[in-house]
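Spelled out, the chains give:
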Amino acid sequence: MPAFNLATCARPNILALEPYRCARDDYKDDGTNILLDANENAFGPSLTPAATAAASASSSVGIDWLGLHRYPDPHQRELKELLCRLRNTHAHTPKTLTPDHLFVGVGSDEAIDALLRCFCVPGRDRILTCPPTYGMYAVSAQVNDVALVRVPLGPAPAFALDVAAVGEALSAPGSETIKLAYFCSPGNPTGALLAKADIEAVLAHPTWNGVVVVDEAYVDFAPDEEGAASLAELVTEYPNLVVMQTLSKAFGMAGIRLGAAFAAPDVARVLNNLKAPYNISSPTSALAAAAVGPDGLAVMRAHRAAIVAQRDRLLRELPAVPGVGRLRGGTESNFLLYEMLNAAGEPDNDVAHKVYCVLAENRGVVVRFRGREHGCLGCLRITVGTEEEVTRFLSSLKEVLEKVRGQ
């Protein structure tokens, strides 16, 4: 069993926090009540009848536009039930996720920040990250005055978790101030899925009293035999595991900013106590529920198949473009990480950055320069687009690389 103890790991002031409560925590609106408890505007939203009719006509997901003058459900249990249904595959455990295992927030970024505020004392505690990885872990840590311990991933293209090095960091003198370990799987910008066994090895560390956070933003693009790609349901087995997910990627809902964190009920309760009372808007909740319902899942899977087809196309055609080097990451996401080569055939940051700039400024094609990250020398991260977008990208890249390498 892990050494995790919530009572000594979380900040005492957070554990003692009394969450904000409203009258509707006690008396849920059944549609017949006169609501005079929350200082809302009883006359309705500031929308003209024409605007309301237009919004309603454009929506097929049951958004009550006339109800926008009321605060949204602070608990979102119906949405949480749908998210649990999505991840209750029993590929990893016979135990079942329930809404009590969930925190929902404004994208995964709210969960990243909430975890820091729950567990890390500013100016004292630290988090562990494994570069190259998602940049918001470091940004949120700096905002909260929390230091970083960096343990790089193994070499490209596998970018595997260095379990031995992580274990050493969590056993070193002073490691009691490391409260969180953020692992991105599939990684960003690596696109590589971390091994379940490696994550479980960290979870089972015999002395470290901290929380393993697995960010699965891209998990729905990974091979998913019998639902095994996501580790979300493992939070029912490990009290020190949090698995974050988002609807921004495979579900194509980046604009609604909906993220979820699966955790043991005691940890989820602390996160929910900390959040603002109405952090998920009614339109966001309705759209998210539609996206993870049966019809929405069918659309997501069709779109995912189209993305995978274009990803396979890029894997076939990019190596034939003069100046494109090795694939430096995995293929378990909706992007690929490729080297850009100089005239000598070497990965080159100057070439990659020039290609990045010229593509955007002269061809209207925006990718991401990642060459300054650990293990990503000369690399561009390329998101998989539609067939037309991929065609335009490949044509533009060939022309731009020829020009840049000829200079």
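Residues numbered from 1 in each chain as written. Predicted model: local features only at pLDDT ≥ 70, side-chain atom pairs only at ≥ 80, totals over all residues. Heavy atoms only, no water.

Per an unreviewed UniProt entry, the protein chain carries the name histidinol-phosphate transaminase and comes from Cordyceps javanica. UniProt, in its Sequence similarities (unreviewed entry) section for the protein chain, records the words "Belongs to the class-II pyridoxal-phosphate-dependent aminotransferase family." Check the Cofactor (unreviewed entry) section of the UniProt entry for the protein chain; it says "pyridoxal 5'-phosphate". (UniProt positions renumbered as here; feature names shortened; annotations may be inferred.)

Asks: Can you lay out the environment of Leu287 for me, pointing to particular residues and giving the numbers?
Replies: Relative to the helices and strands, Leu287 resides in helix α11 (residues 282-292). Counting along the chain gives 31 residues from Leu287 to Ile256, while the straight-line C-alpha distance between them is 7.8 Å. (Helix = DSSP H or I, 4+ residues; strand = E, 2+ residues; numbered from the N terminus.)

Asks: Can you explain empty space enclosed by the protein? Please cite residues and give values.
Replies: Within this structure, the stated rule accounts for 2 cavities of 30 Å³ or more. There is about 70 Å³ of room inside the largest cavity. Cys130, Pro132, Thr133, Leu153 and Cys184 are the residues nearest the centre of the largest cavity, which is lined by 13 residues in total. Looking at side-chain class alone, the lining of the largest cavity contains 9 nonpolar, 4 polar and no charged residues. (1 Å grid on protein atoms, 1.4 Å probe; cavity = no way out; pocket = protein on both sides within 12 Å on 5 of 7 lines; lining within 4 Å. Points joined across faces, edges and corners; volume = space filled by probe spheres on them. Nonpolar A, V, L, I, M, F, W, Y, C, P; charged D, E, K, R; others polar.)

Asks: Help me get a handle on the sheet that holds strand β5 (residues 211-215), residues and values and all.
Replies: Read from one edge of the open sheet, 7 strands run β1-β7-β6-β5-β4-β2-β3, paired in mixed fashion. Looking along the sheet, the strands with just one partner apiece sit at the ends: β1 (102-106) and β3 (147-150). The mean inter-strand angle of the sheet, taken between neighbouring strand axes irrespective of direction, is 25 degrees. Relative to strand β6 (residues 241-246), β5 runs parallel, the two being bridged by 4 bridges. (Pairing = 2+ DSSP bridges. Axes fitted to C-alpha atoms, helices over the stretch in contact; angles between N-to-C directions.)

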